[in-house]
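Per-entry structural report
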Amino acid sequence: DKAPLSKSLLLVPSAISILLTLLFQHYQKFFAYNLQAVKEDFQIWRLVCGRTICLDLKDTFCSSLLIYNFRIFERRYGSRKFSSFLLGTWMLSALFDLLLVEITQYIFGITINSLPSGFLGPVFALFVPFYSSIPRVQVTQVLGHFSITNKSLVYILGLQLLTSGSYIWILALSGLISGLCYSSSILKVHRILCVPRWVAKIFSWTLEPVFSSAEPTNEVRVGMGATVDIQRQQRMELLDRQIMMSQVAQMRRQRQQQGGMINWNRLFPPLRHRHNANYQDHRPSEQGIPPPTEVSEEQVARLMEMGFSRGDALEALRASNNDLNVATNFLLQH
């Protein structure tokens with residue numbers, strides 16, 4: 001949701017890569033990132049084809065997972081700014097690829113005629129804003145010394161992609177350099193290499209309806225806190241709620257197997273007794289009837305999301321004086 005460009009980068013290049021690997025292997029030569037053909041035969045089109053589609057399915061899988069994790073930047077900055085970053089780093093990384101190959105040949109005497117193909121330069125460039133702008137939240141520790149954070153999996157994927165080929169380190173280095181250059185406020189590269197507004201509008205009218213997704217309705221909305229402590233608290237609350245929902249599902253399965261309903265008479269007997277005492281002889285007095293507790297519809301909705309019926313949620317909230325935690329424990333235990 002709200003990341004149509006990331007979705008298109010996940011689907012289109014991956015589908016083409018799978019087709020080239022399984023069905024159209026004789027067309028793979030047109031998507032090879034052959035630097036010798038670019039420099040000697042002036043096949044400039046290879047800079048486009050060879051730097052867009054991966055010919056290795058492992059590279060396709062790793063880069064797709066990284067793009068999926070980096071979709072947060074499109075949601076944060078917008079599709080136009082995100083596409084400008086990808087376009088700018090894609091063009092800069094092509095230049096740095098050629099420079100690094102020449103430097104490697106001059107210093108180490110290693111002649112490199114081809115590099116791994118794929119949309120790898122901008123993918124590695126996205127690690128620059130990921131490192132600088134995404135907060136680091138510790139999730140757990142291994143052996144008491146090694147911290148596992150919310151960013152560890154992304155770095156592991158990047159390391160896996162880095163070790164998948166012989167000269168992929170050149171693409172990784174050129175991507176990181178291009179990401180630093182584009183993000184630098186001194187060089188002002190982002191003002192030159194950007195997607196014009198009229199181009200963004202054309203793609204918004206034509207391609208965005210194809211790759212846009214409907215807003216999920218069954219997911220819990222979790223905002224992004226302004227500080228690391230707030231984000232850690234939000235993450236813990238989300239984990240607690242997921243555990244609670246799993247307990248709810250287990251209790252519901254047990255009740256369905258037993259075929260029983262919630263026995264409300266077992267719960268809150270003092271409240272029930274007072275409630276029933278006010279209705280003796282079916283003629284309650286107006287002074288003896290306590291005012292009904294106002295139930296928050298938001299809390300009712302949260303209990304219904306956990307799988308309870310509206311009637312049970314209303315009864316539990318009224319009995320617990322509109323306390324969501326007490327009502328939830330009440331429903332879980334009965």
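About the criteria used
- Residues numbered from 1 in each chain as written.
- Predicted model: local features only at pLDDT ≥ 70, side-chain atom pairs only at ≥ 80, totals over all residues.
- Heavy atoms only, no water.
- Helix = DSSP H or I, 4+ residues; strand = E, 2+ residues; numbered from the N terminus.
- Buried < 20%, exposed > 50% of the residue type's maximum accessible area, 1.4 Å probe, protein only.
- Areas by Shrake-Rupley, 256 points an atom, 1.4 Å probe, with all protein chains shown as cover.
- pLDDT = per-residue confidence, 0-100.
- Contact = heavy atoms within 4.5 Å.
- Polar contact = N/O pair within 3.5 Å; in protein donor to acceptor, adjacent residues only side chain to side chain.
- UniProt positions renumbered as here; feature names shortened; annotations may be inferred.
- Lys, Arg positive; Asp, Glu negative; His and termini not counted.
- Salt bridge = Lys/Arg side-chain N within 4 Å of Asp/Glu carboxyl O.
- Patch = residues over 30% accessible without salt bridge, like charges linked within 9 Å, V, L, I, M, F, W, Y side chains within 5 Å.
- Phe/Tyr/Trp six-rings, centres within 6.5 Å; stacked < 30°, edge-to-face > 60°.
- Lys NZ or Arg CZ within 6 Å of the ring centre and 35° of its normal.

1. Details of the overall build of the protein
Helix and strand content of the protein: 18 helices and four strands. Burial status across the protein gives 35% buried among its 334 residues. When the accessible surface of the protein is totalled, it reaches about 20900 Å², and 59% of it is carbon and sulfur.

2. Structural notes on the confidence of the model for the protein
For the protein, the average pLDDT comes to 78, and 74% of its residues sit at 70 or higher. No element of the protein has a lower mean pLDDT than helix H15 (residues 269–277), at 44, and none a higher one than helix H7 (residues 120–125), at 94. Within the model, the stretch residues 260–289 combines pLDDT values under 50 with 28 contacts to residues more than four positions away or in other chains.

3. So, the environment of Ser 132
Here Ser 132 shows up in helix H8 (residues 127–133). Within the local environment of Ser 132, its side chain forms a polar contact with the backbone oxygen of Val 128, the two atoms lying 3.0 Å apart.

4. Description of the UniProt feature "transmembrane region" (unreviewed entry) in the protein
On the UniProt side, "transmembrane region" (unreviewed entry) is annotated at positions that read residues 6–24, 85–108, 114–132 and 153–177 here. In this annotation, residues 153–177 is assigned 80% helix and 0% strand; the end-to-end C-alpha distance for the span is 22 Å.

5. Remarks on the side chain of Ser 93
Inspection of the secondary structure assignment puts Ser 93 in helix H6 (residues 79–108). With relative accessibility at 0%, the residue Ser 93 sits in the buried group. Engagement of the side chain of Ser 93 in a polar contact is seen with the backbone oxygen of Thr 89, the distance being 2.8 Å. Contacts of Ser 93, omitting those with residues within four sequence positions, involve Arg 51, Gly 121, Pro 122, Ser 174, Gly 175 and Ser 178.

6. Brief notes about the side chain of Glu 74
Tracing the sequence through the fold places Glu 74 in helix H5 (residues 71–77). Arg 75 provides the closest opposite charge to the buried, unpaired Glu 74, separated from it by 7.4 Å. At 2.9 Å, the side chain of Glu 74 forms a polar contact with the backbone nitrogen of Leu 5. With near-sequence residues (within four places) excluded, Glu 74 lies in contact with Lys 2, Ala 3, Pro 4, Leu 5, Ser 6, Ser 79 and Phe 82.

7. Concerning a nonpolar patch on the surface
A cluster of nonpolar side chains, contributed by Ile 18, Leu 19, Leu 22, Leu 23, Phe 24, Tyr 27, Phe 30, Trp 45 and Leu 57, occupies part of the molecular surface with about 860 Å² of accessible area. In terms of residue count, helix H1 (residues 4–22) provides more of the nonpolar patch than any other element does, three residues in total. Of note, Ile 18 is situated in helix H1.

8. A look at the packing of aromatic side chains
Counted under the stated rule, the structure contains 12 aromatic pairs. Pairing Phe 70 with Phe 130 gives two aromatic rings, centres 5.5 Å apart and planes at 65°, and the pair type is edge-to-face. One end of the pair, Phe 70, is in the loop between helix H4 (57–69) and H5; the other, Phe 130, is in helix H8, with 60 residues separating them in the sequence. With a relative accessible area of 5%, Phe 130 lands in the buried category. Ring geometry for Phe 127 and Phe 130: centres 6.5 Å apart, planes at 85°, overall edge-to-face. Taken together, the residues Phe 127 and Phe 130, both in helix H8 and three residues apart, mark about one turn of the helix. Phe 130 matches Phe 127 in its accessibility class, with the two residues each being buried. Residue placement shows Lys 81 over the ring face of Tyr 77; its charged tip is 4.8 Å from the ring centre. The ring of Phe 130 has Lys 151 sitting right over it, with the charged end atom 5.0 Å from the ring centre.

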